[in-house]
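# Notes for the structure review
The primary structure of each chain is shown beneath.
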Amino acid sequence: MTLTAPQAPAPPRVVPPPRPGAVRRAWRTASPYAYLAPFFTLFAAFGLFPLLYTAFVSLYRVELQTPGDMEWRGLGNYTALLRDEYFWVAVRNTFTIGVLSTVPQLVMALGLAHLLNYRMRGRTFLRTAVLLPYATSVAAATLVFAQLFGRDFGLINYALGLVGVDPVDWQNGTVASQIAVSTVVIWRWTGYNALIYLAGMQSIPDELYEAAAMDGASRWRQFFHVTLPGLRPTILFTVIVSTIGATQLFGEPLLLEGSISGGISHQYQTLGLYMYEQGWGFFHLGRAAAIAWVMFLLIVVLVGLNALIARRRSRKEAGR
């Protein structure tokens with residue numbers, strides 16, 4: 001009798017998964033674009049098409065009463081702008097109001113963010129409170145400030161009278177009216193920019209402050225040598241966004257006095273108000289479209305200059 005060892009069972013055969021077919025491979029390739037398609041569709045419909053159509057309309061003479069009758073003018077609308085003295089007044093007003101509102105706004109926002117960055121009681125409430133002006137309607141805020149800057153019964157002139165200063169005509173004086181408009185902009189946007197700076201400050205490592213403190217640096221030196229360099233990208237972002245907002249300023253100067261001309265002598269008429277006056281005051285839609293494209297090109301140039309200055313400064317500091 002012969003004894004044989006039992007044979008080991010054969011290992012189970014592993015069946016490889018089926019290779020994806022052509023349809024599945026195509027879906028894997030196209031699915032990212034399908035997920036992004038809604039955004040690009042909305043952007044093309046509500047962003048790109050109006051921009052291109054505005055450029056098309058700016059080459060024609062189009063009146064609001066008869067928008068279907070279009071007369072070819074080429075660059076005539078643009079040359080007419082260059083010959084219009086009120087266009088250059090609007091450009092100058094946009095620049096001066098932009099400087100008067102942007103520079104104090106960002107400086108105050110930086111200081112406010114520095115204070116909110118400290119550990120103190122109620123800082124969550126304070127961080128929320130600084131955002132309330134931004135959440136306020138621009139119409140409501142401007143109407144309140146219009147009352148505050150009233151010539152005869154305004155609270156600002158009353159306070160100035162207490163210290164012996166004569167009443168100021170805030171709505172008719174050139175510099176005074178631009179300061180009044182800039183004050184509304186500063187009030188609305190300072191808290192918004194302060195929270196952006198605060199978020200940037202919280203991303204700076206604490207080790208940098210500890211090392212600076214060990215070297216004997218005061219809080220003032222820490223702010224200039226640690227906080228500001230760490231906030232450079234954030235500051236550049238706020239400068240660019242504030243520049244765009246200043247170029248498109250419309251609601252505040254319109255509601256300060258309720259005039260699309262920006263005062264009796266156009267003393268605070270911005271490019272946004274000038275465009276509105278040409279298109280919906282004088283019914284020249286072609287010229288209004290040309291103004292819109294001039295504003296767009298102006299924003300591109302200003303943003304490009306800001307980015308170029310920041311890049312040169314970064315290269316200069318990196319080469320030290």
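See above for the structure.
Attention in this report is confined to the structure presented alongside it. (Residues numbered from 1 in each chain as written. Predicted model: local features only at pLDDT ≥ 70, side-chain atom pairs only at ≥ 80, totals over all residues. Heavy atoms only, no water.)

As a further point, take a nonpolar patch on the surface. Taken together, Leu36, Phe39, Phe40, Phe43, Leu48 and Leu52 make up a surface patch of nonpolar side chains, about 620 Å² in accessible area. Counting through the fold element by element, Phe39 comes out in helix H1 (residues 22-57). (Patch = residues over 30% accessible without salt bridge, like charges linked within 9 Å, V, L, I, M, F, W, Y side chains within 5 Å. Areas by Shrake-Rupley, 256 points an atom, 1.4 Å probe, with all protein chains shown as cover. Salt bridge = Lys/Arg side-chain N within 4 Å of Asp/Glu carboxyl O. Helix = DSSP H or I, 4+ residues; strand = E, 2+ residues; numbered from the N terminus.)

So, on to the side chain of Ser101. Within the fold, Ser101 resides in helix H3 (residues 85-116). At a separation of 3.3 Å, a polar atom in the side chain of Ser101 contacts the main-chain carbonyl oxygen of Gly98. Those residues in contact with Ser101, other than ones at most four positions away along the chain, are Ser182, Val185 and Ile186. (Polar contact = N/O pair within 3.5 Å; in protein donor to acceptor, adjacent residues only side chain to side chain. Contact = heavy atoms within 4.5 Å.)

Turning to the pattern of salt bridges, a few remarks are in order. Across all of its chains, the model carries 4 salt bridges by this definition. For Arg151, the salt bridge goes to Asp169, with nearest N and O atoms at 4.0 Å. Of this pair, Arg151 sits in the loop between helix H6 (138-148) and helix H7 (155-162) while Asp169 sits in the loop between H7 and helix H8 (174-202), and the two are 18 residues apart along the sequence. Judged by its relative accessible area of 47%, Arg151 falls in the partly exposed class. Overall, Asp169 belongs to the partly exposed group, its relative accessible area being 25%. Of the charged contacts in the structure, one is a salt bridge between Glu252 and Arg188, with a shortest N-O distance of 3.7 Å. Placement of Glu252 in helix H12 (residues 251-257) and of Arg188 in helix H8 is noted, with a sequence separation of 64 residues between them. On the accessibility criterion, Glu252 (6% relative accessible area) is buried. Three or more residues joined by partner-sharing salt bridges are found here, namely Arg151, Asp152 and Asp169. (Buried < 20%, exposed > 50% of the residue type's maximum accessible area, 1.4 Å probe, protein only.)

Moving on: the layout of surface pockets. Considered as a void within the structure, the largest pocket measures approximately 900 Å³ in volume. Around the largest pocket, the lining comprises 29 residues; the ones closest to its centre are Thr102, Leu106, Val239, Thr243 and Asn306. Where the lining of the largest pocket is concerned, the elements lending two or more residues are H3, helix H10 (219-230), helix H11 (232-247) and helix H14 (285-318). Class assignment of the residues belonging to the lining of the largest pocket gives a composition of 20 nonpolar, 6 polar and 3 charged. By volume, the second largest pocket amounts to about 520 Å³. Contributing to the lining of the second largest pocket are 15 residues, with Asn117, Tyr118, Asp206, Tyr209 and Arg219 lying nearest its centre. Among the secondary structure elements, those contributing two or more residues to the lining of the second largest pocket are helix H4 (123-129), H8, helix H9 (206-214) and H10. (1 Å grid on protein atoms, 1.4 Å probe; cavity = no way out; pocket = protein on both sides within 12 Å on 5 of 7 lines; lining within 4 Å. Points joined across faces, edges and corners; volume = space filled by probe spheres on them. Nonpolar A, V, L, I, M, F, W, Y, C, P; charged D, E, K, R; others polar.)

Structurally, Thr142 can be placed in helix H6. Setting aside residues up to four positions removed in sequence, Thr142 forms contacts with Val184, Glu252, Leu255 and Leu256.

Now for the nonpolar core. If you look at the biggest cluster of nonpolar residues, it comprises 13 residues, and the most contacted ones within it are Ile97, Phe149, Val181, Leu249, Leu256 and Tyr268. Elements represented by at least two residues in this core include exactly H6 and H8. Among the elements that take part in this core, H8 stands out by supplying 5 residues, more than any other. Those residues within four positions of Tyr268 in sequence are excluded, and the remaining contacts are Asn93, Ile97, Gln171, Ser177, Gln178, Val181, Pro253, Leu256, Glu257, Gly262, Gly263 and Leu273. (Core = buried A, V, L, I, M, F, W, Y, C linked by side-chain atoms within 4.5 Å.)

As a further point, take the packing of aromatic side chains. What the rule picks out here adds up to 20 aromatic pairs. Chaining the aromatic ring pairs together yields one cluster made of Phe49, Tyr53, Phe56, Tyr60 and Trp72. (Phe/Tyr/Trp six-rings, centres within 6.5 Å; stacked < 30°, edge-to-face > 60°.)

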